[in-house]
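Here is how the chains run, residue by residue.
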Amino acid sequence: MGRVYITDYVEDSKVEAAILGEELSKEPHEDIEVLLVWHQQVNEEYLRQFPKLRGIVRYGSGIDNIDLDCAKSRKIIICNTPDYGIDEVADSALAMILQGARGVTRYDALCRHYPDGTWQEHTLKYLKRVEESTLGLYGCGRL
């Protein structure tokens, strides 16, 4: 019976199984020693089912969904993956900034209903050129 349990998100654990082998459990049980967590709320009530738990690994950048006080009182080691998805988040943030600045999706939706050949005459008056704008970023973390 495996000692590592994946709490959520991973539907096909063949990569984890290839690495962990028989240590990977398909079901939670009282002999679990390590949890791999994504969104699962890991609070005192949830942790009660794992009396032998020694570590929690969050496959994500934060640890907001883990009760740190409870884990500390039980001497459970907490780890995360701080670089998880940073490229994807940075790319998406940039795309959203440009979308907000240039209104690409709004303009696309509107111009589909314009008479043929008139899309250039129907600009979005409230948009500015990017060169005329100032962008302030706050609290970007690793991005």
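J.: Describe the overall build of the protein, naming the residues involved and giving the relevant values.
T.: Along its length, the protein carries five helices and five strands. For the protein, the succession of helices and strands along the chain, N to C, is β-α-β-β-α-β-α-β-α-α. In terms of C-alpha radius of gyration, the protein reaches 23 Å, well past the compact-globule figure of 15 Å for 143 residues. Seen through its principal axes, the protein has C-alpha atoms that stretch 70 × 30 × 25 Å. For the protein, the residues scored as buried account for 25% of the 143 residues in total. For the protein, contacts bridging at least 24 residues in sequence account for 37% of all contacts bridging at least 6. Of the roughly 10,700 Å² of accessible surface on the protein, a fraction of 53% belongs to carbon and sulfur atoms. Side-chain charges of the protein comprise 17 positive and 24 negative groups, with the mean position of each set lying 4 Å from the other.

J.: How would you summarise the side chain of Glu33 if you had to cite specific residues and measurements?
T.: Residue placement: Glu33 occurs in the loop between β2 (24–25) and β3 (34–37). Note on Glu33: relative accessible area 16%, which makes it buried. Leave out the neighbours within four places in its chain, and Glu33 touches Arg3, Lys52, Leu53, Arg54 and Gly55.

J.: Could you give an account of the packing of aromatic side chains, with specific residues and numbers?
T.: Applying the stated rule across the entire model yields three aromatic pairs. Consider the rings of Tyr9 and Trp38, whose centres lie 4.1 Å apart with planes at 50 degrees: the pair is tilted. Within this pair, whereas Tyr9 is found in the loop between β1 (4–6) and α1 (14–20), its partner Trp38 is found in the loop between β3 and α2 (44–47), the two being separated by 29 residues in sequence. With relative accessibility at 52%, the residue Tyr9 sits in the exposed group. Within the aromatic cluster, the residues linked to one another by ring pairs are Tyr5, Tyr46 and Phe50.

J.: Tell me about the sheet that holds β3, and name the residues and values.
T.: Taken together, the five strands give an open sheet; going across it, the order is β2-β1-β3-β4-β5, and neighbouring strands pair in parallel fashion. Only two strands of the sheet have a single neighbouring strand rather than two, namely β2 and β5 (77–80). In this sheet, β5 lies alongside strand β4 (residues 55–58) in parallel orientation, the contact comprising four bridges. Considered in β5, the bridge of Ile56 is made with Ile78.

About the cut-offs
Residues numbered from 1 in each chain as written. Predicted model: local features only at pLDDT ≥ 70, side-chain atom pairs only at ≥ 80, totals over all residues. Heavy atoms only, no water. Helix = DSSP H or I, 4+ residues; strand = E, 2+ residues; numbered from the N terminus. Rg over C-alpha atoms; globule rule 2.2 N^0.38 Å. Buried < 20%, exposed > 50% of the residue type's maximum accessible area, 1.4 Å probe, protein only. Contact = heavy atoms within 4.5 Å. Areas by Shrake-Rupley, 256 points an atom, 1.4 Å probe, with all protein chains shown as cover. Lys, Arg positive; Asp, Glu negative; His and termini not counted. Charge placed at Lys NZ, Arg CZ, Asp CG, Glu CD. Phe/Tyr/Trp six-rings, centres within 6.5 Å; stacked < 30°, edge-to-face > 60°. Pairing = 2+ DSSP bridges.

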